[in-house]
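The residues making up each chain are set out below.
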Amino acid sequence: MAKRKVKVSVERQVKTYAELRHASRVMLFKAEQNKEASFYQFMASLIFTAFMMEAYLNHIGPRIFQCWSDLEPLPPLSKLNLVAEKLGVEKDEGKRPYQTLSKLFKFRKSLAHGKSESLNYDEIRLVAEPFDEYKRESLETEWEKYCTKDNTKRALEDTETIIKDIHNHAGVSDDALF
């Protein structure tokens, strides 16, 4: 019997922001399951969340601006400001969910443009205080202090809220969000 040839065509729409959202959620879940490695999983989740926000802006931007390729090099918060203004999205940067973004992107920038730091602590304390308490204190950078369960959950929740709000304001009905 002769073999027949068949043409096969496959197409796949990849929404990078949705993949990054999933990665962030997986890292958060893993951190909640494994307390010993949680610091690094919180860190990874926070980074994926920051990437998700920017990837979403790069997803929706071309639907809003014909000149998005000129705007794409802007920092993420600048992109967000342009998109929000164009769509009439009201932002209050002093309240959640928007106040979370400045901290999240400061964290991302600290790691993306990381530098070695020398930390020190010097204080005169009363001798009567137990010395063991001093040994438990550790020196941490600002970005290390940010890698907590609460910050990770807040960042993920708030960026999802912002993305849903932008998506609704954009009136995109032919493009499922997540």
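Before any of the text, the structure's been laid out above.
A quick note: this is a predicted structure, and the numbers were derived from the prediction, not measured.

In terms of regular secondary structure, the chain is built from eight helices and zero strands. Counted from the first residue to the last, the chain has its helices and strands arranged as α-α-α-α-α-α-α-α. Taken over the C-alpha trace, the chain has a radius of gyration of 22 Å; the compact-globule value for 178 residues is 16 Å, which it surpasses by more than 25%. Oriented by its inertia axes, the alpha-carbon framework of the chain measures out at about 85 × 55 × 25 Å. Taken across its 178 residues, the chain has 34% of its residues classed as buried. Contacts in the chain between residues far apart in sequence, at least 24 positions, make up 65% of those at least 6 positions apart. For the chain, the accessible surface area stands at approximately 12,500 Å², while carbon and sulfur atoms represent 49% of it. Computed over 29 positive and 28 negative side-chain charges, the separation of the two mean positions in the chain equals 9 Å.

Its location among the elements puts Leu87 in helix H4 (residues 76–87). Placed 82 residues apart in sequence, Leu87 and His169 show a C-alpha to C-alpha distance of 6.0 Å. Apart from the residues within four sequence positions on either side, Leu87 is in contact with Ile64, Ile166, His169 and Ala170.

What follows covers unusual backbone geometry. Here the residue pair Arg96 and Pro97 is connected by a cis peptide bond, since its omega of 5° sits within 30 degrees of zero. Here Pro97 is to be found in the loop between H4 and helix H5 (98–112).

The first and last C-alpha atoms of helix H1 (residues 16–33) sit 26 Å apart over 18 residues, in line with the 26 Å expected at 1.5 Å per residue. Three or more residues of H1 are buried, namely Tyr17, Ala18, Leu20, Arg21, Ser24, Leu28 and Ala31. Each buried residue of H1 sits inside an arc of 160° when the element is viewed along its axis, so together they form one side. Away from the buried face of H1 by more than 90 degrees, exposed residues His22 and Gln33 are located. Turning to H1, the residues buried within the fold contact helix H2 (38–64) and helix H8 (149–170).

Tracing the chain through its elements places Asp165 in helix H8. For Asp165, a relative accessible area of 26% gives the class partly exposed. Sequence spacing of Asp165 and Val10 is 155 residues, and the spatial spacing of their C-alpha atoms is 32 Å. Beyond its immediate chain neighbours, meaning those up to four positions away, Asp165 contacts Val89 and Tyr98.

The first and last C-alpha atoms of H2 sit 38 Å apart over 27 residues, in line with the 39 Å expected at 1.5 Å per residue. Across the 27 residues of H2, 19 count as buried, placing the element largely inside the fold.

Turning our eyes to something else, we now look at the packing of aromatic side chains. Counting across every chain of the model gives five aromatic pairs. Here the aromatic rings of Tyr17 and Phe178 are separated by 5.8 Å at their centres, their planes lie at 65°, and the arrangement is edge-to-face. Of this pair, Tyr17 sits in helix H1 while Phe178 sits in the segment after H8, and the two are 161 residues apart along the sequence. Summarising the aromatic geometry, the rings of Phe107 and Tyr146 are spaced 5.3 Å apart at their centres and angled 40° between planes, so their arrangement reads as tilted. Placement of the pair is Phe107 in helix H5 and Tyr146 in helix H7 (residues 142–146), with a sequence separation of 39 residues. Under the relative-accessibility criterion, Phe107 is labelled buried at 2%. Three or more aromatic residues link up through ring pairs in this structure, and these residues are Tyr17, Tyr56 and Phe178.

Rules used in this analysis
- Residues numbered from 1 in each chain as written.
- Predicted model: local features only at pLDDT ≥ 70, side-chain atom pairs only at ≥ 80, totals over all residues.
- Heavy atoms only, no water.
- Helix = DSSP H or I, 4+ residues; strand = E, 2+ residues; numbered from the N terminus.
- Rg over C-alpha atoms; globule rule 2.2 N^0.38 Å.
- Buried < 20%, exposed > 50% of the residue type's maximum accessible area, 1.4 Å probe, protein only.
- Contact = heavy atoms within 4.5 Å.
- Areas by Shrake-Rupley, 256 points an atom, 1.4 Å probe, with all protein chains shown as cover.
- Lys, Arg positive; Asp, Glu negative; His and termini not counted.
- Charge placed at Lys NZ, Arg CZ, Asp CG, Glu CD.
- Expected span 1.5 Å × (residues − 1).
- Arc of directions from axis to C-beta.
- Phe/Tyr/Trp six-rings, centres within 6.5 Å; stacked < 30°, edge-to-face > 60°.

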